[in-house]
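Next come the chains, spelled out residue by residue.
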Amino acid sequence: MEPMDIVGKSKEDVSLPKSTMFKIIKEMLPPDVRVARDTQDLLVECCVEFINLVSSESNEVCNREDKKTIAPEHVLKALEVLGFGEYIEEVYAAYEQHKLETLDSPKGGKFGGIEMTEEEALAEQQRMFAEARARMINGVSMQKQPDSDHNLESQ
């Protein structure tokens, strides 16, 4: 019998799309840096484990509040409990941006039932990756400059 890491699922049943993850990894690095395939696989596994960890802690926070549905504030609290408090502001900003982008459709889709060609969908995906990358790069550069964070707090 296989060990069950996730309720009702074996470890092999739960993963992220590797091709998408490999593309994100490649786009985040300078063009002259190569990443071994086993390193890419390890990074994907780390992402899956991180999602499992945050989901599990979010569920715990939700249960402590006697709620049945995990809400965004439960995820933010879970990040804090797990020691990722420095990312809460950026995660909340991304969540707010997501809400604005999906406001147009009751189905939660940004495009409100408009059919897109594969090329249009790929272009939109690339645009969203670029936005996420820019947010990530800005967040990383802010973390490298702790004095600037200090200045922001005093303003």
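The notes below deal with the structure included here. (Residues numbered from 1 in each chain as written. Predicted model: local features only at pLDDT ≥ 70, side-chain atom pairs only at ≥ 80, totals over all residues. Heavy atoms only, no water.)

### Focus on the packing of helix α2 (residues 37-64) against helix α3 (residues 72-81)
Okay, so step 1: Two elements in contact, α2 and α3, have axes separated by 8 Å at closest approach and are oriented at 110°. What the angle tells us is that α2 and α3 run roughly perpendicular. Note that α2 runs across α3; the crossing there is right-handed. Contacts between α2 and α3 involve F50, V54, E57, S58, V61 and C62 from the former and H74, V75, K77, A78, L79 and V81 from the latter.
Okay, so step 2: Grouping the constituent residues of the contact of α2 with α3 by class yields eight nonpolar, two polar and two charged. (Axes fitted to C-alpha atoms, helices over the stretch in contact; angles between N-to-C directions. Helix = DSSP H or I, 4+ residues; strand = E, 2+ residues; numbered from the N terminus. Parallel < 35°, antiparallel > 145°, perpendicular 65-115°, else oblique. Left-handed = near helix turned anticlockwise from the far one by under 90°. Contact = heavy atoms within 4.5 Å. Nonpolar A, V, L, I, M, F, W, Y, C, P; charged D, E, K, R; others polar.)

### Thoughts on a nonpolar patch on the surface
Okay, so step 1: A cluster of nonpolar residues, M28, L29, V33, M136 and I137, forms a patch on the protein surface that exposes about 390 Å² of accessible area.
Okay, so step 2: With respect to the helices, strands and loops of the structure, M28 is situated in helix α1 (residues 18-28). (Patch = residues over 30% accessible without salt bridge, like charges linked within 9 Å, V, L, I, M, F, W, Y side chains within 5 Å. Areas by Shrake-Rupley, 256 points an atom, 1.4 Å probe, with all protein chains shown as cover. Salt bridge = Lys/Arg side-chain N within 4 Å of Asp/Glu carboxyl O.)

### Concerning the packing of aromatic side chains
Okay, so step 1: This model, assessed by the stated rule, comprises three aromatic pairs.
Okay, so step 2: Note on F50 and F84: the rings are 5.2 Å apart at their centroids and 90° apart in plane angle, and the pair reads as edge-to-face. Taken together, the positions of F50 in helix α2 and F84 in the loop between α3 and α4 (88-102) put the pair 34 residues apart, joining distant regions of the chain.
Okay, so step 3: Looking at F50, the relative accessible area reads 36%, which means it is partly exposed.
Okay, so step 4: In this structure F84 comes out as partly exposed when scored by relative accessible area, which is 25%.
Okay, so step 5: Geometrically, the ring pair formed by Y92 and Y95 is tilted, given 6.2 Å between the ring centres and 55° between the ring planes. You can see Y92 and its partner Y95 sitting in helix α4, three residues apart, about one turn around the helix.
Okay, so step 6: The class for Y95 is partly exposed, based on a relative accessible area of 30%. (Phe/Tyr/Trp six-rings, centres within 6.5 Å; stacked < 30°, edge-to-face > 60°. Buried < 20%, exposed > 50% of the residue type's maximum accessible area, 1.4 Å probe, protein only.)

### Brief notes about unusual backbone geometry
Okay, so step 1: Within the chain, D66 stands out as a residue other than glycine whose phi angle is a positive 55°.
Okay, so step 2: The residue D66 is located in the loop between α2 and α3 in this model.
Okay, so step 3: Under the relative-accessibility criterion, D66 is labelled exposed at 71%.

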